[in-house]
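Single-letter residue listing:
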Amino acid sequence: MVYRRTLRREVACTGIGLHCGRPVRLRLVPAPAEHGIRFARIDVGVEIPATLAHIGSQDHATTLLKDGVSIGTVEHLLAALAGLGIDDVRVEVDGPEVPVLDGSAAPFVILLHEAGLRPLAVPRQLLRVKQPVEVVHGSKRARLVPSEHFEVSYSIGFDHPLLRHQALSLRVTPRSFTEQIAPARTFGFLREVELLRKSGLALGGSLKNAVVIGETGVLNNKLRFEDEFVRHKILDAVGDLALLGHPLVGRLEATKAGHALHAAVARKLIVTPEAFELVPSGAHAPEGGLVPFTPALRPAGA
Ligand SMILES: [Zn+2]
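Right, let's walk through the structure included here. (Residues numbered from 1 in each chain as written. Predicted model: local features only at pLDDT ≥ 70, side-chain atom pairs only at ≥ 80, totals over all residues. Heavy atoms only, no water.)

1. A closer look at the overall build of the protein chain
Turning to step 1, where the next piece is worked out: In terms of regular secondary structure, the protein chain is built from six helices and 18 strands.
Turning to step 2, where the next piece is worked out: At 18 Å, the protein chain has a C-alpha radius of gyration in line with the 19 Å of a compact globule built from 302 residues.
Turning to step 3, where the next piece is worked out: Principal-axis analysis of the C-alpha atoms gives the protein chain an extent of 50 × 40 × 40 Å.
Turning to step 4, where the next piece is worked out: Scored against the burial criterion, the 302 residues of the protein chain give a buried share of 56%.
Turning to step 5, where the next piece is worked out: Contacts spanning at least 24 positions in sequence make up 75% of the contacts within the protein chain whose residues lie at least 6 apart. (Helix = DSSP H or I, 4+ residues; strand = E, 2+ residues; numbered from the N terminus. Rg over C-alpha atoms; globule rule 2.2 N^0.38 Å. Buried < 20%, exposed > 50% of the residue type's maximum accessible area, 1.4 Å probe, protein only. Contact = heavy atoms within 4.5 Å.)

Spelled out as structure tokens, the structure:
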């Protein structure tokens, strides 16, 4: 049996919101069993559970929405919590967005290491995929299929000479998440950055928190992985699937997908009763906990 986990102590950091461009204070607070992950806008006194039912917009990031109040760019923090196997945390922000930090989940992993983990007295329930479900939008596709573990197979392709095709499959464990996925940064194309800015998005974006792909090369000094882009897509998917509210036992197969498709396939799963079951964490116990973080991957300033 694996028990639910929260943090040992509270931790905090401050950073810029990617889209709003303003500094936001983030605090992660231990919570009781069955609390789940909840985001609180302490500046306006609204708390939003991190569930599929509260997804607002999914334009370039995943935003949670309740009572007309939103919290943006939740997916990288959610990925870090799910990737490390943390179930119950209160996330407080004093602005409209979670800080982007370096555009990856690595600073959140470091913060969670600082907090430490504490097991709670309630066993974890896992969400096991029993039958495949699929969502297709043109050439974009996301499928959840049965598997003994939580796995992701992702492939991306863009109409750009530097990023025609990347693909990666892996089993998501605290170790693989920490070492292979968490450090992968947000990316965007230079031609799109200008459009985003014009529509009031990416105002806090810079080469410090995103990999920017120009016409002839990457504008940043170097990549953290040769295939950093597909790894970041897996990071986003782990974060978006965390909105299911239970650790997943199954494989996501995604082609050219993104936030909206990740959420669509998760929604399709939970409205298809024969496609999933909740199981105690004995038979399919996922690994959980903290693994040493390679100092070489520590982002500067984190
Ligand atoms: Zn992302």
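Continuing now.
2. Description of helix 6 (residues 259-270)
Turning to step 1, where the next piece is worked out: The end-to-end C-alpha distance of helix 6 is 17 Å, a good match for the 16 Å that 12 residues give at a rise of 1.5 Å each.
Turning to step 2, where the next piece is worked out: Turning to helix 6, its buried residues number three or more, namely His259, Leu261, His262, Ala263, Val265, Ala266 and Leu269. (Expected span 1.5 Å × (residues − 1).)

3. Here's the deal with the sheet that holds strand 3 (residues 23-30)
Turning to step 1, where the next piece is worked out: Sheet architecture is open: five strands sit in the order 2-3-8-4-5, paired in mixed fashion. Looking at which strands have only one partner, the edges of the open sheet turn out to be strand 2 (11-16) and strand 5 (46-49). Each adjacent strand pair in this sheet contributes to an overall mean axis angle of 20°, direction not counted.
Turning to step 2, where the next piece is worked out: Pairing geometry for strand 4 (residues 37-41) and strand 8 (residues 89-93), over five bridges, is parallel. Paired with isoleucine 37 across the two strands is valine 89, which belongs to strand 8.
Turning to step 3, where the next piece is worked out: Relative to the sheet, helix 1 (residues 75-84) contacts strand 3, strand 4 and strand 8, its axis offset from that of strand 4 by approximately 150°.
Turning to step 4, where the next piece is worked out: Contacts between helix 2 (residues 106-115) and the sheet are confined to strand 2 and strand 3, with strand 2 contributing the most and set at about 160° to the helix. (Pairing = 2+ DSSP bridges. Axes fitted to C-alpha atoms, helices over the stretch in contact; angles between N-to-C directions.)

4. Some thoughts on the coordination of the zinc ion
Turning to step 1, where the next piece is worked out: Protein coordination of the zinc ion is provided by His76 (NE2), His232 (NE2) and Asp236 (OD), with donor distances spanning 2.0 to 2.1 Å.
Turning to step 2, where the next piece is worked out: For the zinc ion, all donor residues lie on one chain, and their spacing in sequence is H-x155-H-x3-D. Taken together, the residues span about one helical turn, with histidine 232 and aspartate 236 both in helix 5 (residues 228-241) at a distance of four residues.
Turning to step 3, where the next piece is worked out: On the basis of relative accessibility, which here comes to 2%, the residue histidine 232 falls in the buried class. (Donors = N, O, S within 2.8 Å, 3.2 Å for Na, K, Ca; no water.)

5. Some points on the pairing of strand 3
Turning to step 1, where the next piece is worked out: Bridge count for strand 2 against strand 3 is six bridges, and the pairing is antiparallel. By the bridge assignment, threonine 14 is partnered in strand 3 with arginine 25.
Turning to step 2, where the next piece is worked out: What sits between the antiparallel neighbours strand 2 and strand 3 is a turn of six residues, in which glycine 21 has the positive phi angle 75°.
Turning to step 3, where the next piece is worked out: Alignment of strand 3 against strand 8, held across five bridges, turns out to be antiparallel. Each residue of the ladder has a partner; that of leucine 26, found in strand 8, is valine 93.

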